[in-house]
Structures are given as C-alpha cells and as structure tokens.
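Structural description and commentary
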Amino acid sequence: MNAASFGDITRLTIASCDLAGGNINLMNSNHVDIHQCSFSLVNDVFTAINAQAINAVSITKCECADRDINSDTGQGLGRFVILGGYLGSQRNIYIGDNHTVDYGPRAGAADFNSGEQILSEGNDVRYEGIAASATPTTVTFDNLAPDPQQRTSQTAVVVKGKGLGQSRPVTTINYSNQTITVSPAWNVVPDSTSIVQIAWTTDRCVIYHNTLDGKRDYATRFNNSNSCAMLAYGGCNEWIADSNTVTHMRYAIGVMGLAKHYPDKVATSESCFFNFYANNSIRECYRGCFCYADTATDNTGAAIPRVGFLGNVFRGNRWADLVSTGICFDGATIGVPVDMSLFEHNTFSNLPQGIDFRSHGHDSETANTILYANTFDRGIAASDGSFGANFIATTFSPVLRGNTWIDFPQTYTGVEIDGNPSVTIRTWDLQATAGKTTASTAIVISNIGTTPLQWTASTDSPWLALTPSNGTVLDEHSTSSIAVTCNTVGLESGTHEAIVTIAGGGRIQKISVTLTVGAALESPRQVKVS
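The following paragraphs examine the structure supplied in this document.

1. Side note on the overall build of the chain
- Across its full length, the chain carries zero helices and 59 strands.
- Rg of the C-alpha trace for the chain: 27 Å, near the compact-globule value of 24 Å for 530 residues, within the 12% margin.
- With respect to the three principal axes, the spread of C-alpha positions in the chain is 90 × 65 × 50 Å.
- Across the 530 residues of the chain, 54% fall into the buried class.
- Nonlocal contacts in the chain, meaning residues at least 24 apart in sequence, comprise 76% of its contacts between residues at least 6 apart.
- When the accessible surface of the chain is totalled, it reaches about 20900 Å², and 50% of it is carbon and sulfur.
- Mean positive and mean negative side-chain charge positions of the chain (32 and 47 charges, respectively) differ by 3 Å.

2. Structural notes on the nonpolar core
- If you look at the biggest cluster of nonpolar residues, it comprises 68 residues, and the most contacted ones within it are Ile-34, Phe-39, Ile-59, Phe-80 and Ile-253.
- With sequence-adjacent residues up to four places away left out, Phe-39 is seen in contact with Leu-19, Gly-22, Ile-24, Ala-48, Ile-49, Cys-62, Glu-63, Cys-64, Ala-65 and Phe-80.
- Core analysis: the second largest hydrophobic core is formed by 24 residues, Leu-430, Leu-453, Leu-515 and Val-517 among them.

3. A short note on the side chain of Thr-60
- Tracing the chain through its elements places Thr-60 in strand E8 (residues 55–60).
- You can call Thr-60 buried: its relative accessible area is 14%.

4. Re the pattern of salt bridges
- Counted by the stated rule, this structure contains ten salt bridges.
- As a salt-bridge pair, Asp-66 and Lys-215 come within 2.8 Å of each other at their nearest N and O atoms. Here Asp-66 is found in strand E9 (residues 63–66), whereas its partner Lys-215 is found in the loop between strand E22 (211–213) and strand E23 (228–233), with 149 residues between them in sequence. Each member of the pair Asp-66 and Lys-215 is classed as buried.
- Across the salt bridge formed by Arg-283 and Glu-284, the nearest N and O atoms sit 3.0 Å from each other.
- Residue classification places Arg-283 among the partly exposed residues on the basis of a relative accessible area of 37%.
- Overlapping salt bridges bring together Asp-44, Asp-72 and Arg-106 as one network.

Basis of the calculations
Along each chain, residues carry numbers from 1 onward, in the same order as the chain's sequence is written. Where local features are concerned, this predicted model is filtered to residues with pLDDT of at least 70; where side-chain atom pairs are given and counted, the filter is 80 or more; whole-chain, interface and lining totals use all residues. As a rule here, side-chain values come from all non-hydrogen atoms in the structure, and water together with hydrogens is ignored. Only DSSP runs of H or I with at least four residues qualify as helices, and only runs of E with at least two residues qualify as strands; both kinds are numbered from the N terminus onward. Taken over C-alpha atoms, the radius of gyration is set against a globule rule of 2.2 Å times the number of residues to the power 0.38. When a residue's accessible area, from a 1.4 Å probe over protein chains only, is under 20% of the maximum for its type it is buried; when over 50% it is exposed; and in between it is partly exposed. By definition in these notes, contact holds between two residues if any of their heavy atoms fall within 4.5 Å. Surface exposure here means Shrake-Rupley accessible area, sampled with a 1.4 Å probe, where a residue is shielded only by the protein chains that are shown. For the charge count, each Lys or Arg is scored as positive and each Asp or Glu as negative, with His and the chain ends excluded. Working definition for charges: the position is that of NZ of Lys, CZ of Arg, CG of Asp or CD of Glu. Definition used in this section: a nonpolar core is a set of buried Ala, Val, Leu, Ile, Met, Phe, Trp, Tyr and Cys residues joined via side-chain atoms within 4.5 Å. One side-chain nitrogen of Lys or Arg within 4 Å of one carboxyl oxygen of Asp or Glu is enough to make a salt bridge.

Below you can see the structure in the form of structure tokens.
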C-alpha cells in the first residue's frame, strides 16, 4: 500500500498493513484503530500518519523507519504521527507500544523544520473574550460573532482569571444570545475576571510505552532539525506520556505554549495546560526537556499577558548521557507565561547542565517552578560551562527542596534566589486539659531558596509559646524546628484560636492554630493541609 486516505469515517480498523513509501491520512473521523502496521518512508514524505480533527483513535504496535538511510531518496522527514488541529479539536487519542528506528530528517534535507516523531500542531484560536456571565455549563459573551469557517469541533479554554486552566468541549454555540454550552460542567465557574477562548485543541492524548529512536548522531550533529520524540506545540491539554523510551533526539520532550498574533483578531496564546510526563527513559539526546511559552502582542506592539504553560508535571523520568541541558526554559519576559511547573523525583546523569532558565539566550519568565527530590549528576560530562541550575531575574518564586546535585563546579549560577520559608502545615488543631500545659509539638521550617534563610516566628496569643523564635536554615537540605507549647492556665473551656507567623526573606507564612480546652482529652494531634 502506498498511501491511504480516510475522511468522515466512524469505526474503522487498519491492521497489519505494510505501507511502503506511503502514509495514512485520517480526517474528521472517530473510533479508529491503527494496529500493527509497518511504515517505510521515502522521498522526504511528510509523516507516516497524518490525523486531523479525530476523536477516540488508537495507534498501537506499529513500526516506522526510513526505507534506506544511506539514500537521499530513501528517507522521510522523521515524523511518525502528526495530530493537526487545522480542521477542529481532537480528543481521546492513544498512542502505545509503537517502535521507530533510526528515524529523523537526513543531513541536507530540504525541510529541517521536521523530525518531531509525535507532534501536535495547527491548533488555532477562533475567538477570545471576557465572560459576561456563566453557569456550570455555559459562558455568555458580549461580542461573539459567527465563525466564517463553521468548524464544529471546538474547545473552550479559560486562559485568564477565575477558572484558569480549564478546558471543555463546546457542545453548542448560540450566536443569537452569544452563549456557548460545554460538557462536562466547569469545576470552577468562570466570572467577569475570566478570559475564555474558543479554540481548536488536542486534548487527552496518551503516549504510552513507545520506543522512539532518532538518527544515531543527532545528539552531537549540529543542525536545525526539530528532531523531538514528543512535541506538544501549542493548544495541548491534559496529555499523559508514560513509560516511553527515547534515544538519539535533539530534544526528547517539548512542551510549548505559543503566542499568536492575528491581524483581524485579538492577540492571544495557544496554551499547554496540565500535561503529565512520567517514568520515561531518555538517553543519548542533545537536550532532555524543552519548555517554552511566549506572550502575544497587539497591533501596537503592547503585550497581552496570558499564561501559556500551566500545571505541567514531570515525575520519575530518567535522563542520561545528554550533550547539553536536562531542563531548559525559553520564551517571553512579559506576563509570566510559564507558571506552576513541577519536576519531582527525576534523575539526570552524565550531563553538563542540569536546569537552565535562560535557554537560547532568551530570558524566560517563569513563576512557581517546583524542583523537588530530583537528582542531577554531572558524571562523565565535561566540567567547562557546567552548572546545576541557572536562575535569572525573571525566575519568580521557584521552590527547591531535597534535590541532589553531584559534581557540578557550581550548583547554582546566575541570580541568587533569596532564602524563603516553607512550612508543611497551614492549620493545626490541638486539644488540652484545662489548667495544664500541653506537651511540646513542632513546626518544621524549610528553606526553598538558594541562599541562607534568616527566619523569625511570632504569635498573637499569650497562651502559645514558640521556642526558639528565630534561626537560620542554610539551604534546601536543611530545616529548623520550633517547639510549640500551649499553656491552658486561666483559659476557659472551649475553643481558642491563634495565628503563628513565620517570616524571612521577604516572605510570610501563617499557621492557624485552634486549641480546644476541656476535660481529659486525647493527645495533641496535627492536621496537615497542602
């Protein structure tokens, strides 16, 4: 089979086919299974599988490679699956147990903007506006105009204000009253602070247990290829990529929130929200993880701040033998487009640079990036230009805790991150017997910055004692402990409340304490709220 094209299909199975030099094109289709097919690409063929506006599609146990890596005409452009949003939104996609071998754009290929083995692109924004009113299943706007392209598969995405980060399929659009209906219902109903997009997105894509292999020299060959195992290129939400094996790529994982400027529309962003990458094994690549978000501008060049990259989680992944950086951030410096990224329990070995917040010479603007219990080990990588983490002036409020940095000439470079306090509890319920002093319990203070933290502790209630009331936490591996004692002498039976304030590094943490005084009661207990 050279090529196969399908459109407006429901319930289709393509199984055990050998596509010699060709590909599969799938448009506006639902409930499709592509299983145990073999692809051998030639003549710079764009991709093995080209899917647009699909729903409930699985691609499993397929193999993909160039027909002849020694021939200029015997190779494709290194793409296995393209999920294109050009015709509308797509959801519920499963890509599992597939295998690519020595697959990527050849040296001298006409199009080096290629090589993304699993790629979502072409997602677009049709409208963006303030929510004039909303219910659990609707949003009403003031200026919603009919869509001249009349695309039916669309997604509502909250990109600013109350409900930020939610995305829902649009089930109906009523232009007469400028109202959209979504399903399922919003978890948080938008209000007049909310900006909501009507967009074409690629949501709920699962990429599981694939083996994705690029050209053998791509880790070290300098070229402009976009060779990447998994690239969410704007408008991608709620993906899961788990237990994949990636080798020989320029970039192993790419997550990008894109800024778009339309001459006839409001400038906006194609966001990437709440994607999850776990338990992937990555080795012999140039870079490990590339995180990008940009800020749109209007016709005057003024910035339109949007969060383009929110709540993305990287957990338990293993990166080894990287030529450059484990995690790199890139993008705009206006409007905090990257927010609430979590990297935890990942391991990086044999790499010169751990994490860089200034990639490609661009100062990215990030906020609330959490680095928890990761291991970065330079190993056999060269020490010249090596560092554990590089911070810049627009790295806002990062959180570091319990990371291990091994054999880097400098653990932290760039801008120092002020020592800041973090506590593990926000509310504390205590019980005591009238006329007695409770046994001491403890508040543990951590330092989430890169410089020593000088902290103080105080309370607004005389019956609550804190010992000591000040101290120092050196770094992310150290803690301080405060003994808390409640003296109930002179207190009436009933409930008493107090506030404990921990201050340091320009940051304040408050703990609400509730003390119940009565006859002999159970031992003190604490309630932890994250």
